[in-house]
Structure formats: C-alpha cells, structure tokens
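What the coordinates show
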Amino acid sequence: MMKEYQVVLIDENRRNGDSILDSSSWENANSLVDFSSPWSNESFSKIEFRALWDFDNLYFKFKVFDSEIYIDEKDNGFDSIGNSDRVELFFRKNNSLNPYYCLEMDTSARLMDFEALPGKVFDFDWKWPKEEISLKSSKDETSFTVEGRISVKSLNQLGLIQDNVIETGVFRAKFSIDENQNYEPTWISWVNPNTAEPNFHIASSFGKLILLR
C-alpha cells in the first residue's frame, strides 16, 4: 500500500498578494516528518513537509532544520543546482512513469524542472509553465524553508490529478564534505523505494497526496 498524506483544503482568499501563503495558513496543514535515508547510517536533520490546496493552487512548504547549507554558485544552471542542497517533488500519472515530472529546488529557490521517462531519461528542455509555478525561500539560524505554489490548472493539464489524488515523491538531497574534501550527497525520501542504491527515479519511491474536499 502506498503511503498517503492528506492535503487540507483552504479558503482560496487566504493568499496575500505575491506571497504564497501567510504563516497562519500553514497551521492548518498536516505535518509530514516521516523521512528516511535507507542507504546511509548517517543521521540527518529533521525535515517537515506541509501542503495545502484551494481549487486554484497546490501549495507546499519544506522546512529543513539544517543551518549548514551547501550551494554550488558557479552559475545558475542545472549542474549547479544538482550539486546543491535541495528539496524535490516528483509527480506522475501512474506507476508506468511514462512520463513523470521533476521539480528540484535548492535553498535559494533555484528550480531544476524537467520531464522524465523510465530509466532516468531526462528532458531538460521541458519546463513547467512559468506562470503556473512560483517559489520562495528563506533561512534563519537553525533552518531553511522552500515554499511553492503550483496551479491546479497545470497539474490537470499534465494529467496528474486522478480522483483527487496526486501521486508524488517527496525528497531531499543533503550535501556534506567527506574525508577527501569533496561534497557528497545523502539521499532522503518520504517513501523507501527498497533499492540497493539510492534511486528516486523508480515507481516504488512515490506516495499519494490526497486532496481533501
């Protein structure tokens, strides 16, 4: 049975101007903290994921209780984002993964968005429609936060909402320096895909976001 997370429905008038949601709105959301790193014995910082929706947008918020953040700042390209601490959401129509869609967001709210096919076939020319998604990030002394808004319109156009369910992978990549002074990732997932090596790009890594009405 797939893991499930219930996305609370909120009044669509709660959004203020350009802000994604105000802080009081997030108090209504369920807190998901059930993350693991099946391929590592190292401990990792607490991750708190929340999501809400109205009939126009799906909202999400990652709060990661980690102040030691690594960002590759050589440029704003996908290679740089892919070498940085980040959080990730993958969406699929069904377990064929043909196709599925990936949003990888670093702590500066830079976005790596692409369409994918089974076997890690990635189309980096594909983009989530810019007007249908927005992100923001913030940091304090103990944590970083990445928040986002994705339009229900775009999710429906991609066939990603089925009977009020969005099949979703929720992930984090944490980079730490190793004994050779290289930054290496720890891979963290909501759903344990039961693979020998780290792999989010597999059907068993997805759960269900249930859109409550």
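Provided above is the structure to which this section pertains.
Residues numbered from 1 in each chain as written. Predicted model: local features only at pLDDT ≥ 70, side-chain atom pairs only at ≥ 80, totals over all residues. Heavy atoms only, no water.

Comments concerning the overall build of the protein
Scanning the protein from N- to C-terminus turns up three helices and 12 strands. In terms of overall size, the protein behaves like a compact globule, its C-alpha atoms giving a radius of gyration of 16 Å where 213 residues would be expected to give roughly 17 Å. Counting the 213 residues in the protein, one finds 49% classified as buried. If you take every contact in the protein between residues at least 6 apart in sequence, the share linking residues at least 24 apart comes to 60%. Carbon together with sulfur atoms contributes 42% to the accessible area of the protein, which is approximately 10,400 Å² in total. For the protein, the distance from the average site of its 23 positive side-chain charges to the average site of its 36 negative ones is 4 Å. (Helix = DSSP H or I, 4+ residues; strand = E, 2+ residues; numbered from the N terminus. Rg over C-alpha atoms; globule rule 2.2 N^0.38 Å. Buried < 20%, exposed > 50% of the residue type's maximum accessible area, 1.4 Å probe, protein only. Contact = heavy atoms within 4.5 Å. Areas by Shrake-Rupley, 256 points an atom, 1.4 Å probe, with all protein chains shown as cover. Lys, Arg positive; Asp, Glu negative; His and termini not counted. Charge placed at Lys NZ, Arg CZ, Asp CG, Glu CD.)

Overview of the pattern of salt bridges
Scanning all chains against the criterion turns up 11 salt bridges. Close ionic contact of Glu48 with Arg50 constitutes a salt bridge, the shortest N to O distance being 3.5 Å. Take Arg50: its relative accessible area is 18%, and that puts it in the buried class. A salt bridge links Arg172 to Asp85; the shortest N-O distance between them is 3.7 Å. Here Arg172, found in strand E10 (residues 165-177), pairs with Asp85, found in the loop between helix H2 (78-82) and strand E4 (86-92); they are 87 residues apart in sequence, far enough to count as distant. An identical accessibility class is assigned to Arg172 and Asp85; each is buried. Where salt bridges share partners, they join Asp66, Asp85, Arg172 and Lys174 into one cluster. (Salt bridge = Lys/Arg side-chain N within 4 Å of Asp/Glu carboxyl O.)

Details of unusual backbone geometry
Following Asn98, the chain continues into Pro99 via a peptide bond in cis, with omega recorded as 5 degrees. Along the chain, Pro99 falls in the loop between E4 and strand E5 (100-106). A positive phi angle, near 60 degrees, is found at Lys120, a position not held by glycine. Counting through the fold element by element, Lys120 comes out in the loop between strand E6 (111-117) and strand E7 (121-123). Positioned with a positive phi, Asn194 is a non-glycine residue whose angle comes to about 55 degrees. Structurally, the position occupied by Asn194 is in the loop between strand E11 (183-189) and strand E12 (207-211).

Purely geometric numbers; function is a separate question.
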